[in-house]
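# Reading the structure
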Amino acid sequence: MAVADAVEDLVHDHADLNRRVLALGAAVPQLDRAALAGFAAQLEALRELLFLHFAREEEGLFPFVSDCEADLADQVNAMASAHDTICGALARMCHLASSGAEPGTLALVFQRFESAYAAHARTEADLLDELGRRLSPEQREQLAAIVDGL
């Protein structure tokens, strides 16, 4: 039985999250008040998945990287800061959509969210790529055990 690879799992998580963000972005230009309830449900589903993904990173990946690959601390700090920005924008969009706000207002917040998310996704991809090159099989196993426990 193959050992779980937390680096690959986090990459896979982000691929799914990226697809969801792109789908929401495609819906924004056609968004009207009648479509807000469905859009709100999609935002809430994204919020739950994103919060879980970020928790796995902040509680598992980030401390592990800080301990094992301290020279990557700046990237980890940038990612943690981006999490706060992304989560704030997503929480605001959930509130706007569920309260029946003007679609134009929601679109403006989505633009900020999308921009922050895209920059974060690039930073995360770079970090995971670097970890993929650096981590030994034993370290990958250690990380998997930490992240799977969350």
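Note that the structure is a prediction, hence the values are computed from the model and not measured.

A separate point is helix 5 (residues 137-148). Given a rise of 1.5 Å per residue, 12 residues ought to cover 16 Å, and the 16 Å separating the end C-alpha atoms of helix 5 matches this to within 8%. Listed as buried for helix 5 are Gln 139, Arg 140, Leu 143, Ala 144 and Val 147. What you see down the axis of helix 5 is that its buried residues fit within an arc of 140°, all on one side. Opposite its buried face, helix 5 presents the exposed residues Glu 138 and Ala 145, each directed more than 90 degrees away. Contacts made by the buried residues of helix 5 are with helix 1 (6-27), helix 2 (36-68) and helix 4 (103-134).

This model, assessed by the stated rule, comprises 2 aromatic pairs. Here Phe 110 and Phe 113 contribute two aromatic rings whose centre-to-centre distance is 5.6 Å and whose plane-to-plane angle is 50°, an arrangement assigned as tilted. Here the residue Phe 110 and the residue Phe 113 both occupy positions in helix 4, the gap between them amounting to 3 residues, near one helical turn. When sorted by exposure, Phe 110 lands in the same class as Phe 113, which is buried. Each ring, one from Phe 113 and one from Tyr 117, has its centre 5.9 Å from the other, and the planes form 25°; the classification is stacked. Here the residue Phe 113 and the residue Tyr 117 both occupy positions in helix 4, the gap between them amounting to 4 residues, near one helical turn. Neither residue differs from the other here; Phe 113 and Tyr 117 are each classed as buried.

What follows is about the pattern of salt bridges. According to the stated counting rule, one finds 9 salt bridges in the structure shown. For Arg 20, the salt bridge goes to Asp 16, with nearest N and O atoms at 3.2 Å. Linking Arg 20 with Asp 16, this pair stays in helix 1, spanning 4 residues, or about one helical turn. Ionic pairing is found between Asp 129 and Arg 133, a salt bridge with its closest N-O pair at 2.5 Å. Of this pair, Asp 129 and Arg 133 are both found in helix 4, 4 residues apart, which corresponds to roughly one turn of the helix. Accessibility expressed as a relative area gives 55% for Arg 133, which makes it exposed.

Moving on to the nonpolar core. The biggest cluster of nonpolar side chains holds 30 residues, and the ones touching the most others in it are Leu 43, Leu 50, Ile 86, Met 93, Leu 106, Phe 113 and Tyr 117. Looking at this core, the elements that each hand over two or more residues are helix 1, helix 2, helix 3 (73-98) and helix 4. By residue number, the principal contributor to this core is helix 3, which donates 9 residues. Beyond its immediate sequence surroundings of up to four residues, Phe 113 is in contact with Val 21, Leu 46, Leu 50, Ile 86, Ala 89, Leu 90 and Met 93. Grouped together as the second largest cluster of nonpolar side chains are 17 residues, Val 65, Val 76, Leu 131 and Val 147 included.

Before going further, it helps to examine the packing of helix 2 against helix 5. Relative to each other, helix 2 and helix 5 sit at 150°, their axes nearing to 9 Å. With respect to each other, helix 2 and helix 5 are oriented roughly antiparallel. Crossing handedness for the pair helix 2 and helix 5: right-handed. Residue-level contacts link Arg 56, Gly 60, Leu 61, Phe 64 and Cys 68 of helix 2 to Gln 139, Gln 142, Leu 143, Ile 146, Val 147 and Asp 148 of helix 5.

What counts, and at which threshold
Residues numbered from 1 in each chain as written. Predicted model: local features only at pLDDT ≥ 70, side-chain atom pairs only at ≥ 80, totals over all residues. Heavy atoms only, no water. Helix = DSSP H or I, 4+ residues; strand = E, 2+ residues; numbered from the N terminus. Expected span 1.5 Å × (residues − 1). Buried < 20%, exposed > 50% of the residue type's maximum accessible area, 1.4 Å probe, protein only. Arc of directions from axis to C-beta. Contact = heavy atoms within 4.5 Å. Phe/Tyr/Trp six-rings, centres within 6.5 Å; stacked < 30°, edge-to-face > 60°. Salt bridge = Lys/Arg side-chain N within 4 Å of Asp/Glu carboxyl O. Core = buried A, V, L, I, M, F, W, Y, C linked by side-chain atoms within 4.5 Å. Axes fitted to C-alpha atoms, helices over the stretch in contact; angles between N-to-C directions. Parallel < 35°, antiparallel > 145°, perpendicular 65-115°, else oblique. Left-handed = near helix turned anticlockwise from the far one by under 90°.

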